[in-house]
Amino acid sequence: MTYNWNVYKIFSNGKRAKAPLYNFESSLSEISDDYFNNNVKNILIKEFGPKVKKNKFSILRSDLTHES
């Protein structure tokens, strides 16, 4: 089974962006930091440039409820 995941930027004040920055699909039911750093973050760097390394992110499954 595959799951859809949303990547949200976390602002310096600790709040999460309302809209996802990036969406991806994975067969993993939970995403580890290693998986994110080795796979997804590299894609974000290619799309948005090297400044994205400084940002913090929240990864949430799209089929689960998200609390603000």
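Cut-offs used in this document
Within every chain, residues take consecutive numbers counted from 1 along the sequence as written. Two thresholds apply to this predicted model, a pLDDT of at least 70 for residue-level local features and 80 or more for giving and counting side-chain atom pairs, whereas whole-chain, interface and lining totals are computed over all residues. Remark: hydrogens and water are excluded; side-chain values derive from all non-hydrogen atoms of the structure. Burial classes follow relative accessibility: with a 1.4 Å probe on protein chains only, a residue under 20% of its type's maximum area counts as buried, one over 50% as exposed, and anything between as partly exposed. Strands are runs of DSSP state E lasting at least two residues, helices are runs of H or I lasting at least four, and both sets are numbered from the N terminus onward. Pairs of strands are assigned from DSSP output, requiring at least two bridges between the strands. Any two residues whose heavy atoms approach within 4.5 Å at even a single point are treated as in contact. Aromatic contacts are taken between Phe, Tyr and Trp rings whose centres are within 6.5 Å, Trp giving its six-membered ring; a plane angle under 30 degrees counts as stacked, one over 60 as edge-to-face, and the others as tilted. Put simply, a charge is over a ring when the Lys NZ or the Arg CZ is close to the ring centre, within 6 Å, and near the line of the ring normal, within 35 degrees. Fitted lines through C-alpha atoms give the axes, limited to the stretch in contact for helices. The angle between two N-to-C directions lies from 0 to 180 degrees. Among the buried residues, those of types Ala, Val, Leu, Ile, Met, Phe, Trp, Tyr and Cys that are joined through side-chain atoms within 4.5 Å form a nonpolar core.

A. Summary view of the pairing of strand S2 (residues 22–26). Alternating residues of S2 divide into Tyr22, Phe24 and Ser26, all buried, and Asn23 and Glu25, none buried. Note: strand S1 (residues 3–10) against S2, five bridges, orientation antiparallel. Residue asparagine 6 lies in a different strand from S2, and its bridge partner there is asparagine 23.

B. Structural context of the environment of leucine 28. In this structure, leucine 28 sits in the loop between S2 and helix H1 (33–48). A relative accessible area of 34% means that leucine 28 is categorised as partly exposed. Residues leucine 28 and isoleucine 43 lie 15 residues apart in sequence; the distance between their C-alpha atoms is 18 Å. Among all residues touching leucine 28, those that are not within four sequence positions of it are Tyr3, Trp5 and Tyr35.

C. A look at the packing of aromatic side chains. Inspection of the entire model under this criterion finds three aromatic pairs. Taking 6.4 Å as the distance between ring centres and 20° as the angle between the ring planes, the aromatic pair formed by tyrosine 22 and phenylalanine 24 counts as stacked. Of the two residues examined, tyrosine 22 and phenylalanine 24, each falls in the buried class. Cluster of aromatic residues (ring-pair linked, three or more members): Tyr22, Phe24 and Tyr35. Above the plane of the ring of tyrosine 8 lies arginine 16, whose end atom (NZ or CZ) is 4.5 Å from the centre.

D. Looking closely at the sheet that holds S2. Across the sheet, three strands lie side by side as S2-S1-S3; this open sheet has antiparallel pairing. The outermost strands of the open sheet, each flanked by one partner alone, are S2 and strand S3 (56–61). Each strand of the sheet is rotated relative to its neighbour by a mean of 30°, with strand direction disregarded. Along the sheet face, H1 touches S1, S2 and S3 and points at about 140° away from the line of S2.

E. Spatial organisation of the nonpolar core. Judged by nonpolar contacts, Tyr3, Trp5, Val7, Tyr22, Phe24, Ile31, Phe36, Val40, Leu44, Val52 and Phe57 together constitute the single largest core of eleven residues. Sequence-distant contacts of tyrosine 3, that is, excluding residues within four places in its chain, are made with Phe24, Glu25, Ser26, Ser27, Leu28, Ser29, Arg61 and Asp63.

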